[in-house]
Amino acid sequence: MISVIIPVLNQCQLTKDLFKNIRENTVKPDEIILIDNGSIDETSKLKDEFFDLNIYYFHFKSNMGVNKSWNFGIDHSKNKIISILNNDIIINKFFFQNILKTMENKSIGICVPETVQEKSKVFESTENFFLKPLKKREGWAFTIKKEIIYKYGYIPEELDRTHGDDYLFYCAKKQKYEIFKMMGNFIYHYGSTTTVNEIINKGLPYPQLNNEREKWIKIKKQLDEQK
């Protein structure tokens, strides 16, 4: 079945809304690993409120960054299929059912839903969808087979808040896995809410994106040198 990994930093209401969506799904994940990177709102109470969703709640005093959060979640997950989700998304009730159907194909290593521009469109989703090769990675909601990570390892520590999705998608391609978008498995993404609310509005240090890009280019080159 599926393990879900959700890193959060405040924005309790968004996470709560996502849990409501998950609760309404035709197929529910076996576990949700909620990684709290220093929230000071009501996030810690969600585990009890949504006791039926089998939430494993981990609280850290400070923000360790999205990539380390993903690594932590992957390390603590028990299933072979892992959905890594932002908390600022709306998902449809067939979301996980469609993912499981897609990931039954042994050649598929990663799948992503179809992100739409209108919230209301999400609820038009059905059990009917089709697969389209993904041209560019999408990191706010993707599902990956855990076996992909075994060969090359977790996201390198040099990468803090960016390019972790690039790393995982590239590892899949290196191992000849196919990557598809599930057309018709709709979600809505609010977009960059943590960056806006927790970094820009509160004057916190902004991630050094150029520096991390240089590190990613170096890591990618090292991957290319491996068989």
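I will try to describe carefully the structure that is included in this document. The structure presented is a predicted model; accordingly, all values stated were derived computationally and were not measured. (Residues numbered from 1 in each chain as written. Predicted model: local features only at pLDDT ≥ 70, side-chain atom pairs only at ≥ 80, totals over all residues. Heavy atoms only, no water.)

Within the chain one finds nine helices and nine strands. Relative to the globule expectation of 17 Å for 227 residues, the C-alpha radius of gyration of the chain, 17 Å, shows essentially globular dimensions. Within the chain, the fraction of its 227 residues that count as buried is 53%. Partitioning the contacts of the chain with sequence separation of at least 6, the portion at a separation of at least 24 is 83%. In the structure as shown, the chain presents an accessible area of about 11,600 Å², 50% of it carried by carbon and sulfur atoms. (Helix = DSSP H or I, 4+ residues; strand = E, 2+ residues; numbered from the N terminus. Rg over C-alpha atoms; globule rule 2.2 N^0.38 Å. Buried < 20%, exposed > 50% of the residue type's maximum accessible area, 1.4 Å probe, protein only. Contact = heavy atoms within 4.5 Å. Areas by Shrake-Rupley, 256 points an atom, 1.4 Å probe, with all protein chains shown as cover.)

This paragraph deals with unusual backbone geometry. Within the chain, His 163 stands out as a residue other than glycine whose phi angle is a positive 70°. Along the chain, His 163 turns up in the loop between helix 6 (147-152) and helix 7 (164-174). We note that Lys 176 has phi near 65°; this positive angle belongs to a residue other than glycine. Assignment of secondary structure puts Lys 176 in the loop between helix 7 and strand 9 (178-189). By relative accessible area, which is 73% here, Lys 176 ends up exposed.

For the rest of this paragraph, the subject is the packing of aromatic side chains. To describe a pair of aromatic rings, one takes the distance between the centres and the angle between the planes. Counted according to the given criterion, the structure contains eight aromatic pairs. A ring pair is formed by Tyr 170 and Trp 216, whose centres lie 6.1 Å apart and whose planes are at 85°; its orientation type is edge-to-face. Placement of Tyr 170 in helix 7 and of Trp 216 in helix 9 (residues 209-225) is noted, with a sequence separation of 46 residues between them. What makes Trp 216 buried here is its relative accessible area of 7%. An aromatic cluster of at least three residues, connected via ring pairs, comprises Phe 58, Phe 60 and Phe 72. (Phe/Tyr/Trp six-rings, centres within 6.5 Å; stacked < 30°, edge-to-face > 60°.)

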